[in-house]
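# Secondary and tertiary structure notes
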Amino acid sequence: MSKKSSLGRGLDALLGGKTQAEAGAVGGSGPGVHSLKISQITQAAYQPRQVFAPEALAELAQSIREKGVLQPLLVRPRGDTFEIVAGERRWRASQLAGLTELPVIIRDLGDREALEIAIVENLQREDLGPLEEARAYQALLDQGLNQEGVAQAVGKGRSTVANALRLLTLGEAALRALDAGQISAGHARAILAQPEKDRAWALEQITTRQLNVREAEGLKREAKAGVPIKVNPPRTYRQLELDLSRRTGTKVRITGEDKGRVELNYASREELDRILELLGYAAEE
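Scope of this entry: the structure provided in the associated data block. (Residues numbered from 1 in each chain as written. Predicted model: local features only at pLDDT ≥ 70, side-chain atom pairs only at ≥ 80, totals over all residues. Heavy atoms only, no water.)

### Side note on the nonpolar core
- By size, the foremost hydrophobic cluster in this structure holds 20 residues, and its most contacted members are Leu167, Leu170, Leu178, Ile183, Ile191 and Ile206.
- Mapped onto this core, the elements with two or more residues apiece are helix H9 (172-179), helix H10 (185-192) and helix H11 (199-209).
- The biggest single contributor to this core is H10, with five residues.
- One finds Ile119, Leu123, Ala139 and Ala153 within the second-largest nonpolar core, a separate group that totals 18 residues. (Core = buried A, V, L, I, M, F, W, Y, C linked by side-chain atoms within 4.5 Å. Buried < 20%, exposed > 50% of the residue type's maximum accessible area, 1.4 Å probe, protein only. Helix = DSSP H or I, 4+ residues; strand = E, 2+ residues; numbered from the N terminus.)

### Considerations on the side chain of Glu132
- Secondary-structure assignment places Glu132 in helix H6 (residues 130-142).
- There is a polar contact of 2.8 Å between the side chain of Glu132 and the backbone nitrogen of Gly129. (Polar contact = N/O pair within 3.5 Å; in protein donor to acceptor, adjacent residues only side chain to side chain.)

### Looking at the environment of Arg78
- Its place among the elements puts Arg78 in strand S3 (residues 73-78).
- Taking the C-alpha atoms as reference points, Arg78 and Asp108, separated by 30 residues in sequence, lie 9.2 Å from one another.
- With residues up to four places along the chain from it excluded, the contact list for Arg78 reads Glu83 and Asp111. (Contact = heavy atoms within 4.5 Å.)

### Brief notes about the pattern of salt bridges
- Under the definition given, this model contains 10 salt bridges.
- Of the charged contacts, one joins Lys67 and Glu66 as a salt bridge, the two residues approaching to 3.8 Å between their closest N and O atoms.
- Lys67 sits in the exposed class, given a relative accessible area of 55%.
- Assessed through its relative accessible area of 55%, Glu66 is described here as exposed.
- Salt-bridge contacts for Asp179 lead to Arg135; the nearest nitrogen and oxygen are separated by 3.1 Å. Of this pair, Asp179 sits in helix H9 while Arg135 sits in helix H6, and the two are 44 residues apart along the sequence.
- Among the residues examined, Asp179 registers a relative accessible area of 43% and is labelled partly exposed. (Salt bridge = Lys/Arg side-chain N within 4 Å of Asp/Glu carboxyl O.)

### Some points on the pairing of strand S5 (residues 101-106)
- Taken together, the five bridges between strand S1 (residues 33-37) and S5 define a ladder with antiparallel strand orientation. The partner of Lys37 across the bridge, within S5, is Glu101.
- Here three bridges tie S3 to S5, and the two strands are oriented parallel to one another. Across the sheet, residue Leu73 finds its bridge partner in S5, namely Val104. (Pairing = 2+ DSSP bridges.)

### Here's the deal with the packing of H6 against helix H7 (residues 147-154)
- Taken N-terminus to C-terminus, the directions of H6 and H7 make an angle of 120 degrees; their axes are 9 Å apart at the nearest point. Taken as axis vectors, H6 and H7 run oblique relative to one another. Here H6 and H7 pass one another in a crossing that is right-handed. Residues Tyr137, Leu140 and Leu141 of H6 touch H7, and the partners they reach there are Gln147, Val150 and Val154.
- Of the residues assigned to the contact of H6 with H7, the class counts are five nonpolar, one polar and no charged. (Axes fitted to C-alpha atoms, helices over the stretch in contact; angles between N-to-C directions. Parallel < 35°, antiparallel > 145°, perpendicular 65-115°, else oblique. Left-handed = near helix turned anticlockwise from the far one by under 90°. Nonpolar A, V, L, I, M, F, W, Y, C, P; charged D, E, K, R; others polar.)

Next comes the structure, spelled out in structure tokens:
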């Protein structure tokens, strides 16, 4: 079963099977679509997505200026205003575009229903970072669901939900690094596989040595005798890597100690030719 199909059925079920008929209307027309002033629409009390890239918002705003809002927002009544359930990115971009009114679908939803829909919509668009996803699942747990219930609500496997939630047990420094994109979810899981006392060390190794996930998974701090072992590349080579990177104009990695290898990265044939020329290599005619 594909991710898209399972999430799609989940969202249709949450909206009573009316998503396509209503959200497919262009420019706010169609059954169940209303027009609201932007001043009547408020930000969601809980928004799974925390990062809205300014460049992407500016691009969407330009598209909205040219073509309008093609998909209505989903909102729910909250007193005299209407709270966004799905579509906060469109709402933000519409304000940048100077719109005063937006097409909306109004649903009387409870907190848990609204949260489930917001999470599923973001997962369908692949808009959530690993920690945003984990925090969203935790918010559903806080609403009274167990892990199996969360998995069913968002169309994911229970193990996927459990693995995501495990990221929340990282230390503060690792959480900040993951949030900032300095490490990936794979790096984070490699850190969690370390003994707790070695996790800060593992994070330092990953970030300073720019390890990939497989290398991070192979980190081992202590030898059999319990004495700290040397790691590759040794710290003494770090400055040499930097010096060679500046000289060649490309990333350089040194692995090994008495024996090992030197890696130079290139992004094109022209860059490879430039590096070879710096090394004094000339191809035979």
